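# Results of the structural survey
Listed below are the residues making up each chain.
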Amino acid sequence: VLETCKTKGIGLLIIDSLIRIHNYDENSSKEIKKLFDQFKEFTTKGIAILATHHHRKQSLTDKFISDNMGEMMRGSSDLSAMLDCHLILGKRNDELVLYQVKQRWNKLLEPIKLKLQPIEGSEYFEWVNLGAFKGDSYLREDVQGAIKKQLETGDRLTIDDFVGRLSEIAGERI
């Protein structure tokens, strides 16, 4: 693949999905390093790599924690550590939102709302930037209010019961 990229002048290799191109244990930092060592053979030759990868399934408690979305990546934490840039495409409040959670060489971009729409008279689609996404700040305010309200009751709860109560108080916006 490297020789084909060099011969044809390909500057971007797209991998969909990362798990499909290797047999390494994605939970082992030693094995994931082997994969990234192979990627370095491309990047040192000026060939960028864009790979899709899935996140862990969210637990109920994860819904309250959005400050470090980079930790949601499935597998070894070395996956995230080795990336130069990490983008997450997610759905919030029925909108597609693009988050940049890591950028090694520059400042992080603010989340933006996106829409995938057909190109008129074509079989192709295009991404349309719908502007800044501000929803997460409201989400956190809702959660903070729900936590404060629950703490004021003085009830002693298990974590699961506490999360359940927060869901009842803050509703579906969590």
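Now for a description of the structure that goes with this document. (Residues numbered from 1 in each chain as written. Predicted model: local features only at pLDDT ≥ 70, side-chain atom pairs only at ≥ 80, totals over all residues. Heavy atoms only, no water.)

### Focus on the nonpolar core
Our working rule: Only buried residues count toward a nonpolar core. Its members are Ala, Val, Leu, Ile, Met, Phe, Trp, Tyr and Cys residues joined through side-chain atoms within 4.5 Å. Burial here depends on accessible area, computed with a 1.4 Å probe over protein chains only, as a share of the maximum for the residue type. Under 20% is buried, over 50% is exposed, and the range in between is partly exposed. The secondary structure listing takes helices from DSSP runs of H or I that are at least 4 residues long and strands from runs of E that are at least 2 residues long, numbered from the N terminus.
Leu13, Leu18, Phe36, Phe39, Phe42, Ile47 and Leu79 are the most contacted members of the largest nonpolar core, which has 13 residues in total. Examining the composition of this core, we find that five residues originate from one element, helix H2 (residues 29–43), more than from any other.

### Details of H2
What counts here: To estimate how far a helix should extend, the number of its residues minus one is multiplied by 1.5 Å. Contacts: residue pairs with any heavy atoms within 4.5 Å of one another.
Look at H2: 20 Å from first C-alpha to last across 15 residues, which is about the 21 Å you get at 1.5 Å a residue. Structurally, H2 contributes buried residues whose contacts are with helix H1 (2–8), strand S1 (12–15), strand S2 (48–51) and helix H3 (77–82).

### Concerning unusual backbone geometry
Most peptide bonds adopt trans geometry, and most residues besides glycine take a negative phi value. Here the bond from Asp16 into Ser17 is cis, since omega is 0 degrees, no more than 30 degrees from zero. Inspection of the secondary structure assignment puts Ser17 in the loop between S1 and H2.

### As for the packing of aromatic side chains
The criterion, for reference: Centres within 6.5 Å make a pair out of two Phe, Tyr or Trp rings, where for Trp the six-membered ring is used; the pair is then stacked when the planes are under 30 degrees apart, edge-to-face when over 60, and tilted otherwise.
Taken as a whole, this structure holds two aromatic pairs when the rule is applied. Each ring, one from Phe36 and one from Phe39, has its centre 5.3 Å from the other, and the planes form 70 degrees; the classification is edge-to-face. Taken together, the residues Phe36 and Phe39, both in helix H2 and three residues apart, mark about one turn of the helix. An identical accessibility class is assigned to Phe36 and Phe39; each is buried. Considering the side-chain rings of Tyr99 and Phe133, the 6.3 Å spacing of their centres and the 80 degrees angle between planes classify their relative orientation as edge-to-face. Placement of Tyr99 in strand S4 (residues 95–103) and of Phe133 in the loop between strand S6 (125–132) and helix H4 (135–153) is noted, with a sequence separation of 34 residues between them. Both residues of the pair, Tyr99 and Phe133, belong to the buried class.

### What about the environment of Val1?
Topologically, Val1 is positioned in the segment before H1. Classification of Val1 by relative accessible area gives exposed; the value is 66%. The spacing of Val1 and Leu13 is twelve residues in sequence and 9.3 Å in space, taken between C-alpha atoms. The residues contacting Val1, other than those within four sequence positions of it, are Leu13 and Phe42.

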